[in-house]
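# Geometric and topological summary
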Amino acid sequence: MSVSHKVGTMKSKQAPNVNSHQKAAVAKGVKAIGKKKDEEEGLDTAEGEEWMQGKTLVKPPDQLDLTEAELNEEITRVLKASNPNAPQNVVRYSFKEGCYKPIVFVDQMAIHFELEGNLVHKESDEGRRLMAKQAEVDDGGGVERPDNVAIKAAKREQKLTNQFNFNERASQTLNNTPRDISCQTEPPPRANFSATANQWEIYDFYVEELQRREKSKEKHEGQFLNKEEDKSKKKMIQAETQNDDISQLAKVVKIIERMVNQNIFDDVAQDFMYFEDASDEFRGEKGTLLPLWTFQYDKAKSLSVTALCWNHKYNDLFAVGLGSHEFTQQGGGMLLFYTLKNPSYPEFIFNTASGVMCLDIHEHLSYLVAVGLYDGCVAVYNLKKKTDQPIYNSRASSGKHTSAVMQVKWQKDDLDSNHNFISVSADGRLVSWTLVKHELVFTEIIKLPVIDTIPDDLKDVIPTVGTSLDFHKQKDYSFLVGTEHGKIHKGSKYYSSKFLEKYDAHFMNVTRVKWNPFHPDVFISCGWDWMVKIWDQTMKSPVFTFELKTSVTDVAWAPYSSTVFAAVTTDGKVHVFDLNINKYEALCQQKVVSKKTKLFNIEFNPVHPIIIVGDDRGHVTSLKLSPNLRKKPKVESEVLNVHFQMSLHISLV
Amino acid sequence: MLDIECAGAEVEETIKRIQSQKGVQGIIIVNAEGIPIKSTLDNSSTVQYAGNVHQLLMKARGMVRDIDPQNDLTFLRVRSKKNEIMIAPDKDYFLIVIQNPTE
């Protein structure tokens, strides 16, 4: 429906209102006259309708008062076909352009009145349906009325009701009272179940299933009664552990402690892994030692470190033996295990009755630790067991040492595959101990020869104190023993009566003797006479001699090079030598502990470039070797050989 | 039996040691259902930590095991500007330690 657009302008003077109200105001009078004129004009145009003459113009009281000029003002009124109620400022978001765009063409149709009709076209679907229905009704109605049957038969099309002879009969049957029968059952028990089926849940389930099957197999093979008892016991224990909340967390708490420590010592850990002293390039040959962690245990404050040993299987675990070197200050002792991952607290703590003098960790079974004590006992600890007591102790057995055990060393398993180790003690005997079932069986190997200065009748009484022991890496029947008098004896396990060789090494106590891990003939010794000497076993006099300013308490070969070794002295200094680089001087002489602290032990880590040193305060300090100290030669033993040839030449000359 | 008792005492001692370490602000032990059973922080913080960490832990563990079912989560560290939250899960429990590492 469109309204034809008629845009016409209508001039109108605002005044004329057809009201019979006359006002006497002058201005209005003018208007009145004007109105009259209009009226007359209108009258004229209207062809003189007489009844219109009587009308006079009356102004309404609220009419606007306007001046003549304003009256004559032409106001344009436009007749538009647009809907005043239609929105004029509709905007729609255009996805194509990504902004809001105004819509210009808005529907202008305004519906004033709407009436729905009820006429349906004959040909349409609904029309046809209705017509069909109508025909049906007509047919159906015909059957029920008997009077009209004839009529109906005749006139099927027309349905006429006979108004005169018309009978309608209706009957109402009795309605049965409706009944509702319903049955209510108890709802089946329902439970909500939800689960996730991830890959790992499936895996877990299969693992459990496997375990269950294995257990059931055992059940069939084993004894029924015992298994049931065990199962009931297990159930008991499980129930208890559920109540006892905390104990299950042992492993987790350990991990957390290590994490916390890692955070605290973060910079040290970073140094340990990554720091390489770049200034070594400018230092020439010299190197430095970078202090890393310090390990201390407050209950071990009064004790001094007497032994250190790294674990071969777990390269961050090391054992510390604590006791006392002084004869007069003997108390208890301790065996502690530290890991580099947790510098604040030891992993394992064992208290011993007397001071620990030496210890050794088995090369293959890294949970077996042999310990030699000041009172002459040897003990073997098993780290896997949770107890504080050693699994073997020589306290009760005969043949135990009568004096402090100075060194213990594990040996290869014997023919019956029993573990065994050898100890040397201050009573001058070398004894081999074998772990047979639940006891230690001792076998005497050899007795250290007595020196000549002791008169014959006292030879049996005053023993030669053996202070150090080392076995050859490749030919493990060959060993070296250092004594208090400064002599070093070379022996063999196969000869139990005599030593093969004797070296006059030092003037005072020999504190350490060690075979070179690469060269088969070379060993090093150090003593209280301020000397460190390097020997070739075929020669009676040392090949190299170094004098350090104070008593040397320990010396160790580096595991990565045949020419590098380090020594510690009682003035708290660590001396590192590399014969390949400098045959006369140390590459590094560094004081690593506070004043008046003596260093007693040093060990190189088998894998990492760090060393640990033990002092007499019970502290263990770890130090990183700078690159200059870690130079590896190309072929290990060759290098040392070359040096030996050269120095031999010099010494012979 | 003795072993279990000793383990409990050992764990208590270790927890005390951790608490006394430098920068540690709090320790919370939460059981498998996400209910804190032991804490050194106040109740509202504990509940907040326990609830949030529980969800994160389940998600992290699910992720690790989804990729390789034979693998399992050992620990989780969440380092933020102010502190570090360390979470170590166990089969039935998990442990949360809040530490300020730069202190």
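Residues numbered from 1 in each chain as written. Chains lettered and ligands numbered in written order. Predicted model: local features only at pLDDT ≥ 70, side-chain atom pairs only at ≥ 80, totals over all residues. Heavy atoms only, no water.

Looking now at the overall build of chain B. For chain B, the count of helices and strands is 2 helices and 5 strands. Mapped from its N terminus to its C terminus, chain B presents α and β elements in the order α-β-β-α-β-β-β. Residues counted as buried form 47% of the 103 residues belonging to chain B. Taking all contacts inside chain B whose residues are at least 6 apart in sequence as the whole, residues at least 24 apart take part in 38%. Carbon and sulfur atoms form 52% of the exposed surface of chain B, whose accessible area is close to 5,900 Å². (Helix = DSSP H or I, 4+ residues; strand = E, 2+ residues; numbered from the N terminus. Buried < 20%, exposed > 50% of the residue type's maximum accessible area, 1.4 Å probe, protein only. Contact = heavy atoms within 4.5 Å. Areas by Shrake-Rupley, 256 points an atom, 1.4 Å probe, with all protein chains shown as cover.)

In the numbering used here, UniProt assigns the feature "repeat: WD" (unreviewed entry) to residues 503–536 of chain A. The straight-line gap between the two end C-alpha atoms of residues 503–536 of chain A is 11 Å; of that span, 0% is helix and 59% is strand. (UniProt positions renumbered as here; feature names shortened; annotations may be inferred.)

By volume, the second largest pocket amounts to about 1,600 Å³. In terms of lining residues, the second largest pocket is bounded by 41 residues, among which A:Lys254, A:Glu347, A:Phe348, A:Lys386 and B:Glu10 are the most central. Of all the secondary-structure elements, those providing two or more residues to the lining of the second largest pocket are α7 (250–264), β6 (333–339) and β7 (348–352) of chain A together with α1 (2–19) of chain B. Considering each element in turn, the lining of the second largest pocket owes the most residues, 9 residues, to α1(B). Looking at side-chain class alone, the lining of the second largest pocket contains 18 nonpolar, 7 polar and 16 charged residues. (1 Å grid on protein atoms, 1.4 Å probe; cavity = no way out; pocket = protein on both sides within 12 Å on 5 of 7 lines; lining within 4 Å. Points joined across faces, edges and corners; volume = space filled by probe spheres on them. Nonpolar A, V, L, I, M, F, W, Y, C, P; charged D, E, K, R; others polar.)

The partner chain B presents 38 residues to the 29 residues of chain A that form the contact. Of the roughly 3,100 Å² buried between chain A and chain B, counting both surfaces, carbon and sulfur atoms make up 67%. Where chain A meets chain B, there are 2 salt bridges. For A:Asp204, the salt bridge is made with B:Arg65, and the minimal N-O distance between the two is 2.7 Å. (Buried area = accessible area lost by both parts, 1.4 Å probe. Salt bridge = Lys/Arg side-chain N within 4 Å of Asp/Glu carboxyl O.)

With the exception of glycine, most residues fall at negative phi, and the peptide bonds are largely trans. Notably, A:Trp530 is not glycine yet its phi reads approximately 75°, a positive angle. Following the sequence through the fold, A:Trp530 ends up in the loop between β21 (522–527) and β22 (531–536).

So, on to the pattern of salt bridges. Residue and element names in this part refer to chain A. Taken as a whole and assessed by the stated rule, the structure comprises 23 salt bridges over all chains. Its salt-bridge partner being glutamate 501, residue lysine 540 comes within 3.6 Å of it at the nearest N-O pair. With lysine 540 in the loop between β22 and β23 (544–547) and glutamate 501 in strand β19 (residues 501–504), this pair connects stretches of sequence that are 39 residues apart. The class for glutamate 501 is partly exposed, based on a relative accessible area of 27%. Linking glutamate 603 and lysine 514 is a salt bridge whose minimum nitrogen-to-oxygen distance equals 3.7 Å.

Moving on, we come to the pairing of strand β8 (residues 356–361) of chain A. β8(A) sits mainly inside the fold: 6 of its 6 residues count as buried. As consecutive antiparallel partners, β8(A) and strand β9 (residues 368–373) of chain A are separated by 6 residues. (Pairing = 2+ DSSP bridges.)

A:Phe318, A:Val320, A:Leu322, A:Leu340 and A:Val620 are the most contacted members of the largest nonpolar core, which totals 22 residues. Elements supplying a minimum of two residues to this core: α8 (266–274), β3 (289–295), β4 (304–310), β5 (317–323), β6 and β29 (610–615) of chain A. (Core = buried A, V, L, I, M, F, W, Y, C linked by side-chain atoms within 4.5 Å.)

What follows deals with the packing of helix α5 (residues 199–221) of chain A against helix α2 (residues 43–67) of chain B. For the pair α5(A) and α2(B), interaxial distance at closest approach is 7 Å and the crossing angle is 70°. Accordingly, the angle class assigned to the pair α5(A) and α2(B) is roughly perpendicular. Each of A:Gln199, A:Trp200, A:Tyr203 and A:Asp204 in α5(A) lies in contact with α2(B), whose residues at this interface are B:Gly62, B:Arg65 and B:Asp66. (Axes fitted to C-alpha atoms, helices over the stretch in contact; angles between N-to-C directions. Parallel < 35°, antiparallel > 145°, perpendicular 65-115°, else oblique.)

All names here are of chain A. Strand order across the open sheet formed by 4 strands is β12-β13-β14-β15, with antiparallel pairing between neighbours. Of all the strands in the sheet, just β12 (405–411) and β15 (439–447) have a single pairing partner and so form its edges. Strand-to-strand twist in this sheet, taken as the mean axis angle between neighbours without regard to direction, amounts to 25°. Taken together, the 8 bridges between strand β14 (residues 429–436) and β15 define a ladder with antiparallel strand orientation. The partner of threonine 434 across the bridge, within β15, is valine 441.

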